[in-house]
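Report on the structure
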Amino acid sequence: MHYDAIILGAGGAGLMCAATAGQAGARVLLVDHAPKAGKKVLISGGGRCNFTNTGTEASRFLSENPHFAKSALSRYTQWDFLELVQAHGIAWHEKTLGQLFCDDSARQIVAMLLDECAKGGVEVRLSTEIGEISHADGIYRAAGATAPALVIATGGPSIPKMGATGIAYDIARQFGLNIVPPRPALVPFTLGDDDAAFRDISGVAVPSVASVRGKSFEEASLFTHRGLSGPAILQVSSYWAPGAPVTINVLPDAGAKLRDARKRMPRAGLKAALVEHLPKRLADVLAVRIALPTELGNASDTMLDGVAARLENLTFHPTGTEGYAKAEVTAGGIDTAALSSKTMEARTVPGLYAIGEAVDVTGWLGGYNFQWAWSSGVAAGQAI
Ligand code: FDA
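Residues numbered from 1 in each chain as written. Predicted model: local features only at pLDDT ≥ 70, side-chain atom pairs only at ≥ 80, totals over all residues. Heavy atoms only, no water.

1. Re the overall build of the protein
- For the protein, the count of helices and strands is 13 helices and 22 strands.
- Along the first, second and third principal axes, the C-alpha atoms of the protein reach 85 × 45 × 35 Å.
- Looking at the 384 residues of the protein, the share that counts as buried comes to 55%.
- Long-range contacts, defined here as pairs at least 24 residues apart, represent 71% of the contacts in the protein between residues at least 6 apart.
- Roughly 15,800 Å² of accessible area belongs to the protein as shown, and the carbon and sulfur atoms make up 52% of that amount. (Helix = DSSP H or I, 4+ residues; strand = E, 2+ residues; numbered from the N terminus. Buried < 20%, exposed > 50% of the residue type's maximum accessible area, 1.4 Å probe, protein only. Contact = heavy atoms within 4.5 Å. Areas by Shrake-Rupley, 256 points an atom, 1.4 Å probe, with all protein chains shown as cover.)

The following block contains the structure:
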């Protein structure tokens with residue numbers, strides 16, 4: 001069968017691209033090896049899909065080219081997607097930090113996207129292998145079909161047990177496009193034996209400011225039986241490189257708090273001061289690790305300042321991350337230098353497009369990655 005476009009991958013980006021192109025009049029084939037469309041949408045946001053973020057702007061995305069995402073994000077914005085959600089009568093709410101979720105279920109988002117595809121006459125072929133891809137005389141051949149346009153929307157390799165693969169990179173390489181080395185992002189860290197005491201307080205969460213390589217996020221950090229997680233940690237993990245320390249400020253303004261405790265309870269030790277502000281199990285571990293060798297009343301300002309500095313810069317040297325098995329997204333991917341930021345078309349390969357997570361554009365935690373899927377999908381869908 002001949003189409004105007006073959007779109008590989010029926011995730012958020014592929015569905016959005018197919019609906020846009022189909023509604024503009026193109027004959028579109030959307031192919032996926034999974035038996036269901038939008039599997040990651042379905043499990044996202046704890047089943048309620050954090051579908052966008054009101055604070056979406058290019059500075060909240062990582063890429064070798066930090067300007068690349070600007071054009072697509074500004075032409076199909078978070079407000080455009082919200083309008084679509086509302087037009088479909090899907091109830092939504094804002095959680096913290098501009099994160100928008102369905103009130104009811106992520107299934108509504110997938111149903112909405114499939115409905116938009118149906119309006120555009122898109123042929124959705126699930127449980128279908130892409131097979132070998134060839135290109136001759138301006139025509140692509142894949143999944144037993146032909147078309148002058150081929151869209152790579154197969155995402156990245158994070159969560160392979162859901163059917164995620166690195167096929168996007170293989171296809172891109174086949175056509176001579178460069179790949180920025182992919183790495184797990186929005187992913188928990190593992191800690192080694194030096195930090196075993198923290199692994200023993202698995203389940204303890206604390207409001208914090210976590211920092212990696214000069215990038216800081218103020219949200220919760222969570223201690224796990226393998227290491228560190230929680231939103232602040234997931235955010236900084238995207239900026240991490242092996243060997244880089246992770247610092248967590250677990251007690252902002254610690255100096256003033258310790259001085260105050262010294263005045264009120266001079267006979268107490270450090271642990272008693274920490275328990276006033278931190279979960280008890282964390283206070284226990286910190287009191288041992290930081291070890292103030294005297295009662296608070298006998299501690300000099302210098303000693304308290306030293307303790308405060310350690311609480312505000314609790315430093316960990318992760319042994320690694322929990323990898324693609326636990327990474328919410330893959331950072332890196334198809335090099336944006338090879339693509340038009342307006343259309344997502346490969347500059348050197350006419351008719352070849354790449355969108356969504358397959359591309360070297362990675363959002364912060366909080367709905368940014370879906371917004372990139374929608375915006376890049378629309379950009380390519382309009383150009384086909
Ligand atoms: P996606 O991975 O969604 O789609 C790719 C499609 O290609 C899949 O349908 C797959 O089956 C198909 N495919 C892959 N290999 C193939 C092959 N070899 N042959 C045929 N088909 C193939 N983001 C956010 O903004 N808000 C949120 O709430 C969440 N929550 C969340 C939770 C969890 C657990 C995860 C793992 C991820 C999130 N994310 C998120 C991230 C978000 O899910 C992700 O960035 C987008 O789904 C990416 O959309 P894409 O369409 O680019 O890829």
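Picking up after the structure, the text goes on.
2. Here's the deal with the pairing of strand β20 (residues 329-334)
- Among the six residues that make up β20, six are buried, leaving the element largely enclosed by the rest of the structure.
- Where strand β12 (residues 179-185) and β20 come together, five bridges link them in antiparallel fashion. When the bridges of β20 are listed, Pro184 appears paired with Thr330. (Pairing = 2+ DSSP bridges.)

3. Notes on the UniProt feature "domain: RsdA/BaiN/AoA(So)-like Rossmann fold-like" (unreviewed entry) in the protein
- This chain's UniProt record puts "domain: RsdA/BaiN/AoA(So)-like Rossmann fold-like" (unreviewed entry) on residues 4-382.
- Note that residues 4-382 is 32% helix and 23% strand, and that its end C-alpha atoms are spaced 12 Å apart. (UniProt positions renumbered as here; feature names shortened; annotations may be inferred.)

4. A closer look at the packing of aromatic side chains
- In this structure the tally under the stated criterion is 13 aromatic pairs.
- When the centroid spacing of 5.5 Å and the interplanar angle of 20° are considered together, the rings of Phe198 and Phe223 count as stacked. Of the two residues, Phe198 sits in helix α7 (residues 196-199) while Phe223 sits in strand β15 (residues 215-223), which places them 25 residues apart along the sequence. Neither Phe198 nor Phe223 differs from the other in exposure class; each is buried.
- Grouping aromatic residues by their ring pairs yields a cluster made of Phe61, Phe217, Tyr239, Trp364 and Tyr368.
- Between Lys95 and the ring centre of Phe101, over which it is positioned, the NZ or CZ distance is 4.6 Å. (Phe/Tyr/Trp six-rings, centres within 6.5 Å; stacked < 30°, edge-to-face > 60°. Lys NZ or Arg CZ within 6 Å of the ring centre and 35° of its normal.)

5. Some thoughts on the pattern of salt bridges
- Considering all chains together, one arrives at 16 salt bridges under this definition.
- Glu123 is paired through a salt bridge with Arg125; the nearest N and O atoms lie 3.3 Å apart.
- Overall, the relative accessible area of 31% leaves Glu123 in the partly exposed class.
- Here Glu295 makes a salt bridge to Arg267, at a shortest N to O gap of 3.6 Å. Here Glu295, found in the loop between α11 (280-290) and α12 (301-312), pairs with Arg267, found in the loop between α9 (254-264) and α10 (270-275); they are 28 residues apart in sequence, far enough to count as distant.
- Beyond isolated ion pairs, a larger network of salt bridges with shared partners links Arg259, Arg262, Asp301 and Asp305. (Salt bridge = Lys/Arg side-chain N within 4 Å of Asp/Glu carboxyl O.)

6. Quick word on helix α1 (residues 12-23)
- Helix length check: α1 (twelve residues) gives 17 Å between terminal C-alpha atoms against 16 Å at 1.5 Å per residue, within 8%.
- Of all twelve residues making up α1, eleven are buried, and the element is well covered by its neighbours.
- The set of residues buried in α1 consists of Gly12, Ala13, Gly14, Leu15, Met16, Cys17, Ala18, Ala19, Thr20, Ala21 and Gly22. (Expected span 1.5 Å × (residues − 1).)

7. Digging into the site of the ligand
- In the region of the ligand, 29 residues are neighbours, and Asp32, Asn50, Thr165, Glu357 and Phe370 sit closest.
- Between the ligand and Asn50, the relevant distance is 2.9 Å, taken from a nitrogen atom to a main-chain nitrogen or oxygen of the residue.
- Contact between the ligand and Thr165: a nitrogen atom at 2.7 Å from a side-chain N or O atom of the residue.
- Alone, the ligand offers 1,000 Å² of accessible surface; in the complex the protein occludes 92% of this. (Near = heavy atom within 4 Å. Polar contact = N/O pair within 3.5 Å; in protein donor to acceptor, adjacent residues only side chain to side chain.)

8. Brief notes about the UniProt feature "domain: RsdA/BaiN/AoA(So)-like insert" (unreviewed entry) in the protein
- According to UniProt, the feature "domain: RsdA/BaiN/AoA(So)-like insert" (unreviewed entry) maps to residues 183-329 in the numbering used here.
- Each end of residues 183-329 is marked by a C-alpha atom, and these two atoms are 9 Å apart; helix forms 35% of the span and strand 24%.

9. Thoughts on the state of the cysteines
- Taken as a whole, this structure holds zero disulfides when the rule is applied.
- As a non-bridged cysteine, Cys17 has Cys117 as the owner of its nearest cysteine sulfur, 9.3 Å distant.
- Residue Cys17 is classed as buried on the basis of its relative accessible area of 0%.
- Between Cys102, a cysteine without a disulfide, and Cys49, which holds the nearest cysteine sulfur, the sulfur-to-sulfur distance is 5.5 Å. (Disulfide = S-S within 2.5 Å.)

10. Overview of the sheet that holds β15
- Here seven strands make up an open sheet; going across it, the order is β18-β17-β14-β15-β16-β13-β19 and the pairing antiparallel. Pairing within the sheet leaves two strands with one partner each, and these edge strands are β18 (314-316) and β19 (320-321).
- Against the sheet, α12 engages β17 (246-249) and β18, with an angle of about 115° to β17. (Axes fitted to C-alpha atoms, helices over the stretch in contact; angles between N-to-C directions.)

11. Comments concerning the packing of α9 against α12
- The N-to-C vectors of α9 and α12 enclose an angle of 135°; their axes lie 8 Å apart at closest approach. Regarding the angle of α9 to α12, the classification is oblique. Crossing of α9 over α12 shows right-handed handedness. Across the interface between the two elements, Ala254, Gly255, Leu258, Arg259 and Arg262 of α9 pack against Asp301, Leu304, Asp305, Val307, Ala308, Leu311 and Glu312 of α12. (Parallel < 35°, antiparallel > 145°, perpendicular 65-115°, else oblique. Left-handed = near helix turned anticlockwise from the far one by under 90°.)

12. As for the packing of helix α4 (residues 78-87) against helix α5 (residues 107-119)
- In contact at an axis separation of 10 Å, α4 and α5 are set at 90° when each is read in the N-to-C sense. Taken together, the axes of α4 and α5 lie roughly perpendicular to each other. Where α4 abuts α5, its residues Phe81, Leu84 and Val85 lie against Ile109, Met112 and Glu116.
- In the contact of α4 with α5, the residues fall into five nonpolar, no polar and one charged. (Nonpolar A, V, L, I, M, F, W, Y, C, P; charged D, E, K, R; others polar.)

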